[in-house]
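This is what each chain is made of:
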Amino acid sequence: MHLRTNDMVLILKGKDRGKQGKVQRVFPKDAKVLVDGVNVVKRHTQARGGVRQAGIIQKEMPVRAANVMLVCPSCQKPSRVGSRRLSDGTGARVCRNCNEVIE
């Protein structure tokens, strides 16, 4: 998966198209990411014996990873992510717009 926690992403599809947010959590098995302040839904919850109060709560739901695009920290543009082998043998993510190593 091309996304990691704390990456800034741009939402490409859905009701929140055009919004930017930080990735809170990544679910590689499901190919989904949880983005801060995006895809907020309302859930009606039942009280659970003093643990949780009943009512309507708002929570973020995961978004398909294919529907978000990484915002490059150096050029501040949404870009595709490539990979490159560095001189010390480790792999790194690369911005396809400015060819800078991400992170």
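Here the structure is shown first, and the text comes after it.
Bear in mind that the values here come from a model prediction, so they are computed numbers and not experimental data.

Describing the side chain of Arg93
Item 1. Structurally, Arg93 is set in strand E9 (residues 91-95).
Item 2. For Arg93, the side chain forms a polar contact with the main-chain oxygen of His2, separated by 2.9 Å.
Item 3. In terms of polar contacts, Arg93 uses its side chain to reach the side chain of Asp7, at 2.9 Å.
Item 4. Not counting residues up to four positions away in its chain, the partners in contact with Arg93 are His2, Leu3, Arg4, Asp7, Leu70, Val81, Gly82, Glu100, Val101, Ile102 and Glu103.

Here's the deal with the environment of His44
Item 1. Its location among the elements puts His44 in strand E4 (residues 40-45).
Item 2. With relative accessibility at 66%, the residue His44 sits in the exposed group.
Item 3. Taking C-alpha positions, His44 is 24 Å from Arg64, a pair spaced 20 residues apart along the chain.
Item 4. With near-sequence residues (within four places) excluded, His44 lies in contact with Gly55 and Ile56.

Brief notes about the environment of Ser83
Item 1. Structurally, Ser83 is set in strand E8 (residues 81-85).
Item 2. Excluding anything up to four places from it in sequence, Ser83 contacts Ala92 and Val94.

Structural notes on the sheet that holds E9
Item 1. One open sheet holds the three strands; their spatial order is E8-E9-E10, and the pairing between them is antiparallel. The open sheet has two edge strands with one neighbour each: E8 and strand E10 (101-102).
Item 2. Two strands pair when backbone bridges link them, and E8 and E9 are joined in this way by five bridges, in the antiparallel orientation. If you follow Arg84 over to E9, its bridge partner there is Ala92.

Criteria and thresholds
- Residues numbered from 1 in each chain as written.
- Predicted model: local features only at pLDDT ≥ 70, side-chain atom pairs only at ≥ 80, totals over all residues.
- Heavy atoms only, no water.
- Helix = DSSP H or I, 4+ residues; strand = E, 2+ residues; numbered from the N terminus.
- Polar contact = N/O pair within 3.5 Å; in protein donor to acceptor, adjacent residues only side chain to side chain.
- Contact = heavy atoms within 4.5 Å.
- Buried < 20%, exposed > 50% of the residue type's maximum accessible area, 1.4 Å probe, protein only.
- Pairing = 2+ DSSP bridges.

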